[in-house]
2 protein chains.
Amino acid sequence: MRTLDDLETPAVLVDTTVLERNVSRMAEWARTAGVRLRPHAKTHKTAQIARLQVAAGAVGLSVAKTGEAEAFAAAGFTDLFVAYPVVGADKARRLLALQDEARLAVGVDSVEGALSLAAVFAEAGRTLDVVLKIDTGLHRVGVLPEAAPETARRIADLRGLRLVGIFTHAGHAYAGETPAEVARTARAEGGQMAEVAERLRGLGLSMDVVSVGSTPTAREGMTVAGITECRPGNYVFHDATQVSLGTCALEDCALRILATVVSVPAPDRAVLDAGSKTVSSDPLRPRPGGHGFVLGTRSRLEKLSEEHGVVRVEEGDRFRVGDRVFVLPNHACVVANLHDRLYAVRGDEVLEEWPVIARGRVQ
Amino acid sequence: MRTLDDLETPAVLVDTTVLERNVSRMAEWARTAGVRLRPHAKTHKTAQIARLQVAAGAVGLSVAKTGEAEAFAAAGFTDLFVAYPVVGADKARRLLALQDEARLAVGVDSVEGALSLAAVFAEAGRTLDVVLKIDTGLHRVGVLPEAAPETARRIADLRGLRLVGIFTHAGHAYAGETPAEVARTARAEGGQMAEVAERLRGLGLSMDVVSVGSTPTAREGMTVAGITECRPGNYVFHDATQVSLGTCALEDCALRILATVVSVPAPDRAVLDAGSKTVSSDPLRPRPGGHGFVLGTRSRLEKLSEEHGVVRVEEGDRFRVGDRVFVLPNHACVVANLHDRLYAVRGDEVLEEWPVIARGRVQ
């Protein structure tokens, strides 16, 4: 039996018991709410976890980039939504080729962007399903609800595309100071989406997909009348940010980093072999608070260099050179992307190595 | 001829003209100062750039982790220094195997850590060169100058190890508000190191290596009497942080990211297909100031999600969906680590793809 003692550090561990519980729970919520679950695979980028999600009832996967869609199609997944405003003829040609392998849809948020896809598909005599991104408050990409009818109408008119619905991502929920505030954001997101969908249906547009996303807003958002699909990603792992937001408890976190104490240069400072190239430099949300929790202690990663995780040692905690510790990172999605493999574990046992098949597929 | 127009985005470009100039200039400074140049390869992690450095006169490479040493040894580099406090029997066994391929030295900063290496080498009847890390003000790892004699003496006594010198990294120079302040840090670092080396020689210890590092402090630090080696890394590329520190001019930056504008949802907001998984979430130093400069404009990346780079569009700048732009990242070292390949370019021509052979080698 291979155990944690056999692993070199730093190593990214996934507790399969917690993972499976997280996957089932979200699937159950979606079933109860009567919405299709299309989890965002950017979080884990691994075929094994995506298979668990589909086995639990997911209708397909969401991905962030065309390259991620290619990686999951190659692994046998046949229903993929690129939840991103894809732009350009080069990407369109890759999507055209990918249509032979999977049922595809992609995001759009502008007529110009949609045109760049439409041109390629129309010329090939083919049709691509597109979903219009709505900005429900994050103010990143997407059209505002009031502008949706005009943009939707113009995109629906383009030969080579079929507009099948709308989607949004309430990423601003991550600024929520309390779980109640996060829940309010979720209901507001769902309400806006249902309203926009009704207006677009009034214009004669088909709205098969009315899709909301994000782990903190998923449970509440999917219960709003009119929502047909939900795209949470992070829930498979959770992380220090989800704990801080109140989305989950510490024991719901499936991803941890096994690290070694390589230096204890001062009584209040210990240094781990896990720096920003292992845990990423993403800040804790909703409020800054270091770069990761050292589990079983009151101490946190206070500063990071690329290969150094500097722990501020709190009173009562003890770190010795050579000790192995577990770190809960701020943001699990970016951690998976930094590593070639995740170690699937149960207790101390290492069950399997899962290759991160869509790592680095930013194109 | 393959040109930039043939590349998908986002793509990491290296301007070979600027790269070669940066490599020659640092080599010339080292020659003039009479110190050995051992550049830190963690910045680029590519064999092609390391070969340029060696061809220009570098005596060997510095790397950050045992896995990086293995990657560069496999690529034919035979003089490697793991500039990191390596700890543990598993790493020691890998270093033992690696000694068959390359002249090796590794960092140590504690007796406990050194013991974990010594045990393996002594048992094999072999000797590993070790270099003691000194904390000259960064307060990350390393022993303070006043503690160096005691730690050095105890490590030098361990069978299986040979203490060959001391090294430091003045990373605190990155907080320097002015070039003059950075230069003062460099001189202070060099002065402390020369003093520590003299005290250790007084104890009968050999001090062949008295090594300083960091790109902003390199030129000044290597001129301090008593310094024998310098380990800058970032200088091959430079980045927005080096420009902000005054270490270099904008035209000395060799690494840029080619990105596409995928959305312009508001007059003051444009979104690029390059987010934290492409440019990293490392902050600008010495003062925060966004996540990267959009070259040829006054605009910067203001916010990042994983695949979205949100540009705050400044007055007079114009971004249209489908436009391609160049981004200068805050921190080039972490960018190389996020990608499988760098595109070597000259003007608009794409000359070669360079695999990032030591990417993700955190163990």
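Residues numbered from 1 in each chain as written. Chains lettered and ligands numbered in written order. Predicted model: local features only at pLDDT ≥ 70, side-chain atom pairs only at ≥ 80, totals over all residues.

Novice: With reference to specific residues and values, describe the overall build of chain A.
Specialist: Assigned secondary structure in chain A consists of eleven helices and 17 strands. In terms of C-alpha radius of gyration, chain A reaches 21 Å, essentially the compact-globule figure of 21 Å for 363 residues. By its C-alpha atoms, chain A is 70 × 40 × 35 Å across when sized along the principal axes. In chain A, which comprises 363 residues, the proportion classed as buried is 59%. At a minimum sequence separation of 6, the contacts of chain A that also span at least 24 residues come to 67%. (Helix = DSSP H or I, 4+ residues; strand = E, 2+ residues; numbered from the N terminus. Rg over C-alpha atoms; globule rule 2.2 N^0.38 Å. Buried ≥ 20, exposed ≤ 12 C-beta atoms within 10 Å, placed from the backbone. Contact = placed C-beta atoms within 7 Å.)

Novice: How would you sum up the relation of the copies chain B and chain A? Please name residues and give values.
Specialist: Relative to chain A, chain B is turned by 180° and slid 0.0 Å along the rotation axis, the superposed coordinates differing by an RMSD of 0.0 Å. Taken together, the turn and the small shift mark the pair as related by a two-fold rotation axis. Relative to the rotation axis, the C-alpha of Ser281(B) is the closest in chain B, positioned 2.9 Å from it. When the interface residues of chain B are mapped onto chain A, 100% of them again fall at the interface, so both copies present the same face. (Least-squares fit on C-alpha atoms with pLDDT ≥ 70 in both.)

Novice: Describe the interface of chain B and chain A, listing the residues and the values that go with them.
Specialist: Listed per partner, the contact involves 49 residues of chain B and 49 residues of chain A. For the side of chain B that touches chain A, the element with the most residues is strand S10 (residues 255–266) of chain B, which contributes four residues. Its residues placed into classes, the side of chain B that touches chain A shows 16 nonpolar, 20 polar and 13 charged. (Nonpolar A, V, L, I, M, F, W, Y, C, P; charged D, E, K, R; others polar.)

Novice: Kindly report on the packing of helix H3 (residues 66–74) of chain A against helix H4 (residues 89–98) of chain A, identifying the contributing residues and their values.
Specialist: All names here are of chain A. It is at 10 Å that the axes of H3 and H4 come closest, and there the two elements cross at 20°. The orientation of H3 with respect to H4, classified from their angle, is roughly parallel. You can see that H3 and H4 cross each other, and the crossing is left-handed. Residues Thr-66, Ala-69, Glu-70 and Ala-73 of H3 lie in contact with H4, whose contacting residues are Lys-91, Arg-94, Leu-95 and Leu-98. Split by residue class, the contact of H3 with H4 holds four nonpolar, one polar and three charged. (Axes fitted to C-alpha atoms, helices over the stretch in contact; angles between N-to-C directions. Parallel < 35°, antiparallel > 145°, perpendicular 65-115°, else oblique. Left-handed = near helix turned anticlockwise from the far one by under 90°.)

Novice: Explain the pairing of strand S14 (residues 309–312) of chain B to me, using residue names and the numbers behind them.
Specialist: Residue and element names in this part refer to chain B. Sheet topology places strand S11 (residues 269–272) next to S14; four bridges connect them, and they run antiparallel. Across the sheet, the residue bridging to Arg-269 is Arg-312, located in S14. The sheet contact formed by strand S13 (residues 300–304) and S14 spans four bridges and is antiparallel. From the neighbouring strand, Lys-303 faces S14, where its bridge partner is Val-310. (Pairing = 2+ DSSP bridges.)

Novice: Can you break down the domain arrangement of chain A residue by residue, with the values?
Specialist: Residues and elements named next belong to chain A. Domain assignment breaks chain A into domain 1 (4–10 + 248–355) and domain 2 (16–234). Each of domain 1 and domain 2 has a C-alpha centre, and the two are 32 Å apart. In this complex, domain 1 contributes 16 residues to the contact, which on the side of domain 2 involves 17 residues. At the level of secondary structure, the elements contributing two or more residues to the side of domain 1 that touches domain 2 comprise helix H11 (332–337), strand S16 (341–346) and strand S17 (349–355). Along the lines of polarity and charge, the residues of the side of domain 1 that touches domain 2 split into twelve nonpolar, one polar and three charged. (Domains from an automatic or database assignment.)

Novice: Tell me what's going on with the environment of His291(B), and back it up with residues and numbers.
Specialist: All names here are of chain B. Its location among the elements puts His-291 in the loop between helix H10 (276–279) and strand S12 (292–294). With 27 C-beta atoms counted inside 10 Å, the residue His-291 sits in the buried group. A sequence separation of ten residues divides His-291 from Ser-281, and the C-alpha atoms of the two residues are 6.9 Å apart. Residues in contact with His-291, not counting those within four places in the same chain, are Val-279, Leu-301, Leu-304, Gly-309 and Asn-330.

Novice: So what about the sheet that holds strand S8 (residues 209–213) of chain B? Which residues, and what values?
Specialist: Residues and elements named next belong to chain B. Taken together, eight strands build an open sheet; the order of strands is S2-S9-S8-S7-S6-S5-S4-S3 and the sheet is parallel. Looking along the sheet, the strands with just one partner apiece sit at the ends: strand S2 (36–37) and strand S3 (61–63). Pairing geometry for strand S6 (residues 128–133) and strand S7 (residues 161–167), over six bridges, is parallel. Following the sheet pairing, Leu-132 is matched in S7 by Ile-166. The sheet strands contacting helix H5 (residues 111–123) are strand S4 (79–85), strand S5 (103–108), S6 and S7, and the helix crosses S7 at an angle near 145°. Lying over the sheet, helix H6 (residues 148–156) contacts S5, S6 and S7, oriented at roughly 170° with respect to S6.

Novice: Would you mind going over the nonpolar core in detail, with residue names and values included?
Specialist: Of all hydrophobic cores here, the largest spans 243 residues; its most connected members are Phe72(A), Ile166(A), Val327(A), Phe72(B), Ile166(B) and Val327(B). Setting aside anything within four residues of it in sequence, one finds Val327(B) in contact with Arg256(B), Ile257(B), Ala259(B), Leu272(B), Ala274(B), Val279(B), Gly292(B), Phe293(B), Val294(B), Leu301(B) and Gly309(B). (Core = buried A, V, L, I, M, F, W, Y, C linked by C-beta atoms within 7 Å.)

Novice: How would you sum up the sheet that holds strand S2 (residues 36–37) of chain A? Please name residues and give values.
Specialist: Residue and element names in this part refer to chain A. Sheet architecture is open: eight strands sit in the order S2-S9-S8-S7-S6-S5-S4-S3, paired in parallel fashion. Both edges of this open sheet fall to S2 and strand S3 (61–63), since each of them pairs with a single strand only. As paired elements, strand S7 (residues 161–167) and strand S8 (residues 209–213) share three bridges and run parallel to each other. From the neighbouring strand, Ile-166 faces S8, where its bridge partner is Val-210.

Novice: Which residues make up the pairing of S5(B), and what values do they have?
Specialist: Residue and element names in this part refer to chain B. Burial analysis of S5 places five of its six residues in the buried class, which makes it a mostly covered element. Sheet analysis places S4 next to S5, joined by five bridges and oriented parallel. Paired with Leu-80 across the two strands is Leu-104, which belongs to S5. One crossover worth recording links S4 to the parallel S5 by way of helix H4 (residues 89–98), and it is right-handed. Pairing between S5 and S6: four bridges, direction parallel. Note on S6: the bridge partner recorded for Val-106 is Val-130. (Right-handed = clockwise from strand over helix to strand, strands pointing away.)

Novice: Describe H4(B), naming the residues involved and giving the relevant values.
Specialist: Residues and elements named next belong to chain B. Turning to H4, its buried residues are Lys-91, Ala-92 and Leu-95. Taken down its axis, H4 places every buried residue within 100° of arc, on the same side. In the core, the buried residues of H4 are packed alongside helix H3 (66–74), S5, H5 and S6. (Arc of directions from axis to C-beta.)

Novice: So what's going on with the environment of His44(B)? Which residues, and what values?
Specialist: Residues and elements named next belong to chain B. Turning to its location among the elements, His-44 is positioned in the loop between S2 and helix H2 (47–55). Placed 88 residues apart in sequence, His-44 and Leu-132 show a C-alpha to C-alpha distance of 25 Å. Among residues more than four places away in sequence, those in contact with His-44 are Ile-49, Val-236, Phe-237 and Ala-336.

Novice: So what's going on with helix H1 (residues 16–33) of chain A? Residues and values would help.
Specialist: Residues and elements named next belong to chain A. If you check H1, its first and last C-alpha atoms are 26 Å apart, about what 18 residues at 1.5 Å a residue would give, namely 26 Å. All of the buried residues in H1 are Val-18, Leu-19, Asn-22, Val-23, Met-26 and Ala-30. Axial view of H1: buried residues confined to an arc of 135°, hence all on one face. In H1, the exposed positions angled more than 90 degrees off the buried face are occupied by Thr-17, Arg-31 and Thr-32. (Expected span 1.5 Å × (residues − 1).)

Novice: Break down the packing of H6(B) against helix H7 (residues 179–202) of chain B for me, citing the residues and quoting the values.
Specialist: Residue and element names in this part refer to chain B. Look at H6 against H7: their axes get within 10 Å of each other, and the N-to-C directions meet at 50°. One finds that H6 runs oblique with respect to H7. Judged by the twist between their axes, the crossing of H6 over H7 is right-handed. In this structure, H6 contributes Ala-148, Pro-149 and Ala-152 to the contact, and H7 contributes Val-196, Arg-199 and Leu-200. Its residues assigned to classes, the contact of H6 with H7 comprises five nonpolar, no polar and one charged.

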